[in-house]
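This is what each chain is made of:
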Amino acid sequence: MNSNLSQPDKIRIQRVRLTFPSEAGPVRVLDGIDLAIKEGEFVTVIGPSGCGKSTLMNLVSKTVEHAADQFEGTIDIAWRSNAAHRLGYVLQKDTLLPWRTLEANVGVGLEIMGMPSHEREAQVQSWIHRVGLAGFEKSYPFAMSGGMRQRANIIRTLACNPEVVLMDEPFGALDAQTRMTLQQLLIDLWHAAKTTILFVTHDVEESILLGNRVVLMSRRPAKIHRVFDIDIPHPRSVIDARVAPAFQDAYREIWKELKGDIELSQLKNSAAKGIA
Amino acid sequence: MKDNATIHFLRFGVLGAFLIGWELLTGGWIKATSPTALYFSSPLKIIGAFQHEYVVLFTDLVVTLVEAFAGLVSGTITGVLIGVLFARYRLLDRVFEPFFQAVNAVPRPALAPLLVIWFGLGMSSKILASWSAVFFVVFYNVYAGVKAIDPDYIRAIRLLGASSGQIVSIVVVPSVVSWIFAALRVSVAFSLLGAIVGEFAGATEGLGYRLLVSEGLLQTDMVYAILVLLMVVGVTLTSLAQRVEKRLLRWRPPAVSI
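Quick caveat, the model's predicted, so the values are computed rather than measured.

Caption draft 1: Molecular detail of the interface of chain A and chain B. Tallying the contact residues gives 22 residues for chain A and 20 residues for chain B. Both sides of the chain A and chain B interface together cover about 1,900 Å² of buried area, and 69% of this is carbon and sulfur. Of all residues in chain A, A:Trp99, A:Ile112 and A:Phe142 give up the largest surface area on contact with chain B, accounting jointly for 37% of the area buried on that side. Across the chain A-chain B interface, the total number found is two salt bridges. For the salt bridge of A:Lys93 with B:Asp152, the shortest nitrogen-to-oxygen distance reads 2.9 Å. In this assembly, chain A and chain B are joined by five residue pairs in polar contact (both at pLDDT 80 or more). Taken together, the elements giving at least two residues each to the side of chain A that touches chain B come down to strand 5 (87-91), helix 3 (108-113) and helix 5 (146-158) of chain A. With four residues, helix 3 of chain A is the single largest residue contributor to the side of chain A that touches chain B. A per-class count over the side of chain A that touches chain B returns twelve nonpolar, six polar and four charged.

Caption draft 2: Geometry of the pairing of strand 3 (residues 42-46) of chain A. All names here are of chain A. Across the five residues of strand 3, five count as buried, placing the element largely inside the fold. Here strand 3 shows no split at all, with Phe42, Thr44 and Ile46 on one side and Val43 and Val45 on the other all buried. Bridge count for strand 3 against strand 7 (residues 196-200) is four bridges, and the pairing is parallel. From the neighbouring strand, Val45 faces strand 7, where its bridge partner is Val200.

Caption draft 3: Representation of helix 5 (residues 108-119) of chain B in the model. All names here are of chain B. With twelve residues, helix 5 should reach 16 Å at 1.5 Å per residue; the first-to-last C-alpha distance of 16 Å fits that figure. Considered for burial, the residues of helix 5 that qualify are Arg108, Ala112, Leu115 and Val116. On an axial view of helix 5, the arc spanned by its buried residues comes to 100°, and they lie on one face. With respect to the buried face of helix 5, the exposed residues turned more than 90 degrees away are Ala110, Ile117 and Trp118.

Caption draft 4: Looking closely at the domain arrangement of chain B. Residues and elements named next belong to chain B. For chain B, the domain assignment lists domain 1 (1-33) and domain 2 (41-256). Between domain 1 and domain 2, the C-alpha centre-to-centre distance is 33 Å. On the side of domain 2, six residues touch domain 1, which itself brings four residues to the contact. Buried area between domain 1 and domain 2, summed over both chains or domains, comes out near 460 Å², and the portion from carbon and sulfur atoms is 66%. Our count for the domain 1 to domain 2 interface comes out at zero salt bridges.

Caption draft 5: Molecular detail of the sheet that holds strand 9 (residues 224-229) of chain A. Residues and elements named next belong to chain A. Pairing is mixed across the open sheet formed by six strands, whose spatial order is 5-6-7-3-8-9. Taken across any chain shown, the strands that pair with only one partner, and hence form the sheet edges, are strand 5 and strand 9. Mean inter-strand twist for the sheet, computed between neighbouring axes without regard to direction, equals 15°. Two strands pair when backbone bridges link them, and strand 8 (residues 213-217) and strand 9 are joined in this way by five bridges, in the antiparallel orientation. Residue pairing across strands places Val214 opposite Phe228, the latter belonging to strand 9. Lying over the sheet, helix 5 contacts strand 5 and strand 6 (164-168), oriented at roughly 170° with respect to strand 5.

Caption draft 6: Focus on the packing of helix 9 (residues 184-201) of chain B against helix 11 (residues 220-248) of chain B. Residues and elements named next belong to chain B. Contact geometry for helix 9 and helix 11: axes closest at 8 Å, N-to-C directions at 155°. Comparing the axis directions of helix 9 and helix 11 gives the class roughly antiparallel. The way helix 9 lies across helix 11 gives a crossing that is right-handed. Seen from helix 9, the contacting residues are Leu184, Arg185, Val188, Ala189, Leu192 and Ile196; seen from helix 11, they are Leu230, Val233, Gly234, Leu237, Thr238, Ala241, Gln242, Val244 and Glu245.

Caption draft 7: Local environment of the packing of helix 3 (residues 43-88) of chain B against helix 11 of chain B. Residue and element names in this part refer to chain B. Running from N to C, helix 3 and helix 11 point in directions that differ by 55°, and their axes come no closer than 9 Å. Between helix 3 and helix 11, the interaxial angle falls into the category oblique. In this structure, helix 3 meets helix 11 at a crossing whose hand is right-handed. On helix 11, the residues that touch Lys45, Ile46, Ala49, Phe50, Glu53, Leu57, Leu61 and Leu65 of helix 3 are Asp221, Met222, Tyr224, Ala225, Ile226, Val228, Leu229, Val233 and Leu237. By residue class, the composition of the contact of helix 3 with helix 11 is 14 nonpolar, no polar and three charged.

Basis of the calculations
- Residues numbered from 1 in each chain as written.
- Chains lettered and ligands numbered in written order.
- Predicted model: local features only at pLDDT ≥ 70, side-chain atom pairs only at ≥ 80, totals over all residues.
- Heavy atoms only, no water.
- Contact = heavy atoms within 4.5 Å.
- Buried area = accessible area lost by both parts, 1.4 Å probe.
- Salt bridge = Lys/Arg side-chain N within 4 Å of Asp/Glu carboxyl O.
- Polar contact = N/O pair within 3.5 Å; in protein donor to acceptor, adjacent residues only side chain to side chain.
- Helix = DSSP H or I, 4+ residues; strand = E, 2+ residues; numbered from the N terminus.
- Nonpolar A, V, L, I, M, F, W, Y, C, P; charged D, E, K, R; others polar.
- Buried < 20%, exposed > 50% of the residue type's maximum accessible area, 1.4 Å probe, protein only.
- Pairing = 2+ DSSP bridges.
- Expected span 1.5 Å × (residues − 1).
- Arc of directions from axis to C-beta.
- Domains from an automatic or database assignment.
- Axes fitted to C-alpha atoms, helices over the stretch in contact; angles between N-to-C directions.
- Parallel < 35°, antiparallel > 145°, perpendicular 65-115°, else oblique.
- Left-handed = near helix turned anticlockwise from the far one by under 90°.

Next up, the structure:
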């Protein structure tokens, strides 16, 4: 089933531990994370709120520096040597520039790469068409809905053709219907391009619908609790996949594991409040 | 709600009634020889002043506009440079902030005599007066603008691979430009004010100078003519600035427009 088992690892996370200093002493956030992601894999990461999912993403993207005594382990990404653009990072909050039109926003990454404007225009047009934003090329972000903005935000990153895409709850702020549309869109885009995607979410359904594998993290200090292979063939449909037996099995299993952790961490929180 | 045409019609009605009333009161009931004529002039007399003195008025207008424009441009450029510098370098900001506030607290008309002592009766003292009025408006706007740049934009653009130079051209410059234009209407009005105030303090030409001379000669008609001219210029320039602002800041949600 998994055709890329023979492929080399694209992202290799080994024995990663991270400790944050705090007033009450050092807090261990990540406690020995090991994860290998193959080229072209779509991996979703799920876990209780505040378990350090986003922290892990920041580490992989190397956007946050940590002191040597706080960070242990290694994170390696096997970049292709000729890639123009390596890493794309999409966050929950879209960061479209408000003074640029939709098309200028979508093209900004290509502009940074130095693509000549006639080439850029053609690419931007095709991306805008693919995600159903045609007709809004000249619109400014303030006049667009949250779903439209997040579409633009995602294709702005994908247009650069990054080797690895990190997504941190990109659909977290959207309503259920918009979210479903964008999930389907992302599945189709991934199926067409087979980019390596690491996708963080707190939504169990979303993690199963999108991921080839679902990585379940434990509460803090976080380890990888379990990894689930999701045996739903691609190209998936968000509607049909929901009723697939594999979806339901995974859903039940993940919730079983997650429930214990969530209850435990909530107990811990209320106990801590009781003491204070 | 009345439609726009009705509103315009009513506005012209108000203006017409005002002008006719003024003319009737001063031309008909108040004798031209009576001392009250000195205070109120009349619409027809003001038109007469324009007819007789249009060469003088036009020359003075050009002088004042040149001064104001030079003040606007120099005030904007220096305001932007120093505003960006202060927003970027905390030390500068913290050291100089009280001095800037103190200087800005001095009413500009009070500063004008000193500028005339320093730079004489020519245009340069007026340009400087105009500059001093514009500079602080732009400075504070740009300062606030640079401080308000969302760090998430910078982070996102950097993640797309931008160099420091590209971050400046893609994020910082457009933000600053938008703040300059948000301040444009105020700075245009202030540039004119600075020029006139400078001319009051001592000049040999310009509308402010002409106003003082006419006052000294008790040429009330001329005083009114100059005021009308200033009013027209002021309205024209600020509505022009508003138009430029609207065009360039059309990406802002309408609710935020100032």
